[in-house]
Amino acid sequence: MAGRRGRVVITYGTFDLLHRGHVNLLRRAKELGDYLIVGVTSEAYDRQRGKLNVRQSLAERIRNVERTGLADMIIVEEYEGQKVEDIERYDVDVFAIGSDWKGKFDYLKDLVEVVYLERTRGISSTELRGYLKLGIVGTGRIARRFVREARFVSGVVVDWVFHPKEARARAFAEELELGVGTGDWDRFLRAVDAVYVATPHPSHYEYILRALEAGKHVLSEKPMVLSAREARELFALAQSRGKVLLEAIKTAYAPGFRRLIGLARSRAVGRVVHVDATFTKLVEGGRELDPNQAGGSVTELASYVLLPMVKLFGTELEVSFRSLRGGSGVDIWTEILTRGKGVAGTGKVGLGVKEEGDLVIGGTEGYLYVPAPWWQPRVFEIRREDPAKREQFCDVFAGDGLRYELAHFAQLIQQGELESHLLRPKESVFLASVIERFREGHGVDWLV
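This text gives an overview of the structure that appears in the document.

## Let's talk about the packing of aromatic side chains
Then step 1. One pass over the full model with this rule turns up 18 aromatic pairs.
Then step 2. Considering the side-chain rings of F279 and W375, the 3.6 Å spacing of their centres and the 10 degrees angle between planes classify their relative orientation as stacked. Highlighted residues: F279 in strand β12 (residues 272-280) and W375 in the loop between β17 (366-370) and β18 (379-383), separated in sequence by 96 residues.
Then step 3. Residue F279 is classed as buried on the basis of its relative accessible area of 8%.
Then step 4. On the basis of relative accessible area, W375 is assigned to the buried category, the value being 10%.
Then step 5. Ring centres 5.7 Å apart and planes at 45 degrees place the aromatic pair F397 and Y404 in the tilted group.
Then step 6. With relative accessibility at 5%, the residue F397 sits in the buried group.
Then step 7. Taken together, the aromatic side chains of Y12, F95, W101, F105, Y107 and F152 make up a single cluster linked through ring pairs.
Then step 8. The lysine or arginine in question, R210, covers the ring of W185, its NZ or CZ lying 4.6 Å from the ring centre.

Written out as structure tokens, the structure reads:
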């Protein structure tokens, strides 16, 4: 084909809600050769690779690309590994893709020239009609991961970051190819529809409050706040302003966890009586162990282990703790004991003690078992007294999982729903109350 049609270039994308950034990428790809092939992802392949919230059908997205007049041929990408076959089948010379995928497709360099095309920054609000314009507050590790995950959520543009030290915001924006990094809070808010709060725990309340008062939707990292009073106040404000406020506990929105909870509530293992969940990791220092930044195992990880208990047992639970204090003064291991009417739960969290991170949901007719890391659920089993009656379930858990919370947040806004059924305000309030109880020393037995 290259001999007959000159230098052949191929590129791929979903091309949902086509905007100037897409068109510029196609134009730059076209300029690399004489003949441009565009691969448009199928619905099935998007689901398989964890691309979420795609709003237009495959036929509509193909028409979007056709209307640009830049594609000489349009093909459908249907499965992992197809790129290699397409390159060989169509005798391709150049593979081109956006720079936000830099390094991802270097394995193709044995076959073709690989070019990463710089993305278009600072697209106007008019051009982004139909998109959720989301800005990030904070420039730490989780914010970096969030930017990478956001590219898998269609209909969302993350192009703005705020940090009170503007130099840090600008450096973050430059590194991650965002349009604007600023220390001007008002300028930041004018540009966005919603904010993602990814700052140290003690600052969450103030940023959420200021964003809601400015009429913005808010997705906040966990723990959303450190007291039940603050949580109730913020949810009431969000409701009064007609805005979505959602706590970003990624597991709550993951397909596998939703299926797991559905099975448990459907009495697949009889009446659920006990939940045992563990989440530990080894941390040597930094914010997680800093008492001045609300560090410690409970503030960092309790939201996860309490999540299945809250979803299955509700929020009317008694809570107590057994904890081990580390050198910095925060807990490096805590066992959280919950108790309700006819039910009980055990959650273990640690930043200096390592244990098996699995989940067991015990019922009167068997139990659900999720192997480590259970908070990234991909495979789980129903185990019964008779081993022959075991059942295994598999679900996709793509990337870091942050895309699931973002996709759900975007869907709530698009559909005009203020409350999520996957993590209700009263459940977030309960989680905050447990963290508050621990921090105030109520029901805590310190191991010596």
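## So, the pattern of salt bridges
Side chains that differ in sign of charge can pair as their charged atoms come close.
Then step 1. According to the stated counting rule, one finds 24 salt bridges in the structure shown.
Then step 2. Between K109 and D106 there is a salt bridge, and its shortest N-O distance comes to 3.7 Å.
Then step 3. When the shortest N-O distance is used, the salt bridge between D159 and R119 registers 3.2 Å. Of the two residues, D159 sits in strand β7 (residues 156-162) while R119 sits in the loop between β5 (113-117) and β6 (132-137), which places them 40 residues apart along the sequence.
Then step 4. For R119, a relative accessible area of 24% translates into the label partly exposed.

So, how was this worked out
- Residues numbered from 1 in each chain as written.
- Predicted model: local features only at pLDDT ≥ 70, side-chain atom pairs only at ≥ 80, totals over all residues.
- Heavy atoms only, no water.
- Phe/Tyr/Trp six-rings, centres within 6.5 Å; stacked < 30°, edge-to-face > 60°.
- Helix = DSSP H or I, 4+ residues; strand = E, 2+ residues; numbered from the N terminus.
- Buried < 20%, exposed > 50% of the residue type's maximum accessible area, 1.4 Å probe, protein only.
- Lys NZ or Arg CZ within 6 Å of the ring centre and 35° of its normal.
- Salt bridge = Lys/Arg side-chain N within 4 Å of Asp/Glu carboxyl O.

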